[in-house]
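So the chains spell out like this:
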Amino acid sequence: MRLLLGVSGGIAAYKALELVRLATGAGHSVRVIETASAKRFVGSASFAALSGAPVLTSEFERDPLRGSFPGEPLPEHDPASHLALVAAADAFLVAPASANTIAKLAGGLADNLVTSAALAARCPVLVAPAMNTRMLEHPATQANLALLRERGITIIDPGVGRLATHGEHGAGRLAEPAELLAACEAALQTGPWSGRRVLVTAGGTHEPIDAVRYIANRSSGRMGFAIAQAAAARGAEVTVIAANVALPRDRHASYVDVTTAAELAAACDERAPQADVIVMCAAVADFRPAAPRSSKLAREGNAAITLELESTDDILARLARGRRPDQVLVGFAAEHGEGGLARARAKLERKQVDLIAYNDVAQEGIGFDAQDNALTLISANGEQQIPRAPKAQIARELLDAIERLRGESG
Ligand code: CTP
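Here the structure is a predicted model, which is why all the values come from computation and not from measurement. (Residues numbered from 1 in each chain as written. Predicted model: local features only at pLDDT ≥ 70, side-chain atom pairs only at ≥ 80, totals over all residues. Heavy atoms only, no water.)

Colleague: Give me the lowdown on the environment of leucine 3, citing residues and values where you can.
Modeller: Among the structural elements, leucine 3 can be located in strand β1 (residues 2–7). By relative accessible area, which is 1% here, leucine 3 ends up buried. With 22 residues separating them in the primary sequence, leucine 3 and glycine 25 have C-alpha atoms 13 Å apart. Once residues within four sequence positions are removed from consideration, leucine 3 is found in contact with Ala23, Ser29, Val30, Arg31, Phe69, Ala91, Leu93 and Cys184. (Helix = DSSP H or I, 4+ residues; strand = E, 2+ residues; numbered from the N terminus. Buried < 20%, exposed > 50% of the residue type's maximum accessible area, 1.4 Å probe, protein only. Contact = heavy atoms within 4.5 Å.)

In structure tokens, the structure reads:
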């Protein structure tokens, strides 16, 4: 999970440090943003050390990580918006949330990075209040919390116990760090992707010519792996069929390694019937050597050789023919240059799929073997542009589009 933590002013900010330690220990990546008053309680250096990433306070500050989370590649371009961070997050937790920050959230104010991020968030937002009992019980605070709940924000109720003010006891203690983390994890498990079975193919196939040579393509598997990671972060049960991908793997997804188009086809045939959503992101060879040699082809003087290629099966089209009516099928169309969009539109019909994600691989910096991508999504209901962004973000927008498609057809 990519957790964005917004820390507002309060003595309980020290507990947010422990939360960062717990979350990173559990394998999540965390970015922290602070309000100016939070810094008076816990300085940015402590959060930066524990999260392994710079801490931002101001909307006007440049993010050295360009909106990415620790362990992820830096996008090649600087995001225009200071809100890139919240766009990339799977969950946004405000902890501790002071009475003042809660009031601002309820009023829709955006006067600092934490409140702006809350307004811009499309991921689940969680708010963990921490304050003096009298402030918590004040009708203004209670009305603000009720309003936030109504809007779908998860309020992590404060506990009862010893408060910061010497000798005071009552409600208003920030929930314990383990509880905060569990609430974030749970928020991701209750969405529409929770338990959904997602099959993603990724990478590019290798078709042997002889014992040591093969025909390949430039696909790195990044886009497919990003889709798998985004779906797993939303609680889906993800299986990735990976064709020659040398990238880090998400421990919440399972992986099947294949080499050739035929192996990829067999792996898909076996697993597709159980899948609710199938995303065919792999660059599958359309042709393979008809008679691969089992030994190494040797040169004979300067004589030219001819390689005969035969067609491979169109896996996606076959899956579409045998599909369950409730399955969603997504194909990719990596087209080169002019006329690409028209060819991609034709694929929607020809392959009988629900969505074609078209990218123009002739464009610099996107598509094959790049960190970024830009897609045009084509469905029977129309077209949608996803502008250039890191593949992790493109993946989340693709999942949102699939979700809308399911909503429209169901
Ligand atoms: N695909 C597939 N099986 C193949 C080739 C492609 O399932 N043998 C899938 C890809 O994973 C992708 C989509 O089909 O989702 C588009 O692939 P592409 O090769 O661009 O499409 P083709 O139908 O081969 O179109 P073209 O006529 O442009 O080659």
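Colleague: Any details on the packing of helix α5 (residues 99–107) against helix α8 (residues 139–150)? Residues and values, ideally.
Modeller: Interhelical geometry of α5 versus α8 gives an angle of 50° and a closest axis separation of 9 Å. The angle between α5 and α8 falls in the class oblique. By crossing handedness, the relation of α5 to α8 is classed as left-handed. Residue-level contacts link Ala99, Ile102, Ala103, Leu105 and Ala106 of α5 to Thr141, Asn144, Leu145, Leu147 and Leu148 of α8. Residues of the contact of α5 with α8, tallied by class, amount to 8 nonpolar, 2 polar and no charged. (Axes fitted to C-alpha atoms, helices over the stretch in contact; angles between N-to-C directions. Parallel < 35°, antiparallel > 145°, perpendicular 65-115°, else oblique. Left-handed = near helix turned anticlockwise from the far one by under 90°. Nonpolar A, V, L, I, M, F, W, Y, C, P; charged D, E, K, R; others polar.)

Colleague: Pulling in residues and values, what's your account of the site of the ligand?
Modeller: Around the ligand sit 16 residues, and of these Met280, Ala282, Asp313, Leu316 and Lys351 come closest. One of the backbone N or O atoms of isoleucine 315 is found 3.0 Å from a nitrogen atom in the ligand. Lysine 351 places a polar side-chain atom, nitrogen or oxygen, 2.7 Å from an oxygen atom of the ligand. Protein burial of the ligand: of its 580 Å² of free accessible surface, 80% is covered by the chains. Residue assignment for the shell around the ligand shows that the elements contributing at least two residues are α12 (315–321), β16 (328–335) and α13 (340–351). Residues that form the shell around the ligand fall into these classes: 7 nonpolar, 2 polar and 7 charged. (Near = heavy atom within 4 Å. Polar contact = N/O pair within 3.5 Å; in protein donor to acceptor, adjacent residues only side chain to side chain. Areas by Shrake-Rupley, 256 points an atom, 1.4 Å probe, with all protein chains shown as cover.)

Colleague: Run through the domain arrangement of the protein, naming residues and quoting values.
Modeller: Here the domain parsing of the protein yields domain 1 (2–187) and domain 2 (191–409). Each of domain 1 and domain 2 has a C-alpha centre, and these two points are 37 Å apart. Taken together, the contact between domain 1 and domain 2 spans 13 residues of the former and 15 residues of the latter. Where domain 1 abuts domain 2, roughly 1,100 Å² becomes buried across the two surfaces, and 40% of that area is made up of carbon and sulfur atoms. Taken as a group, Arg2, Glu76 and His77 account for 38% of the area that domain 1 buries against domain 2, more than any other trio of residues on that side. Connecting domain 1 to domain 2 are 1 salt bridge. The closest approach of N and O atoms between aspartate 400 and arginine 122, which form a salt bridge, is 3.9 Å. Linking domain 1 with domain 2 are 3 residue pairs in polar contact (both at pLDDT 80 or more). Across the side of domain 1 that touches domain 2, the residue classes break down as 7 nonpolar, 2 polar and 4 charged. (Domains from an automatic or database assignment. Buried area = accessible area lost by both parts, 1.4 Å probe. Salt bridge = Lys/Arg side-chain N within 4 Å of Asp/Glu carboxyl O.)

Colleague: Describe the packing of aromatic side chains, with residues and values.
Modeller: We describe a pair of aromatic rings using the distance from one ring centre to the other and the angle between the two ring planes. Tallied over the entire structure, the rule returns 1 aromatic pair. Plain terms: the ring middles of phenylalanine 225 and tyrosine 255 are 5.3 Å apart, the flat faces sit at 55° to each other, and that makes the pair tilted. With a gap of 30 residues between them, phenylalanine 225 in helix α10 (residues 222–233) and tyrosine 255 in strand β12 (residues 253–258) connect regions that are remote in the sequence. Of the two residues, phenylalanine 225 and tyrosine 255, neither departs from the other in class, the shared state being buried. If you follow arginine 196 out to its NZ or CZ, it ends over the ring of tryptophan 193, 4.6 Å from the centre. (Phe/Tyr/Trp six-rings, centres within 6.5 Å; stacked < 30°, edge-to-face > 60°. Lys NZ or Arg CZ within 6 Å of the ring centre and 35° of its normal.)

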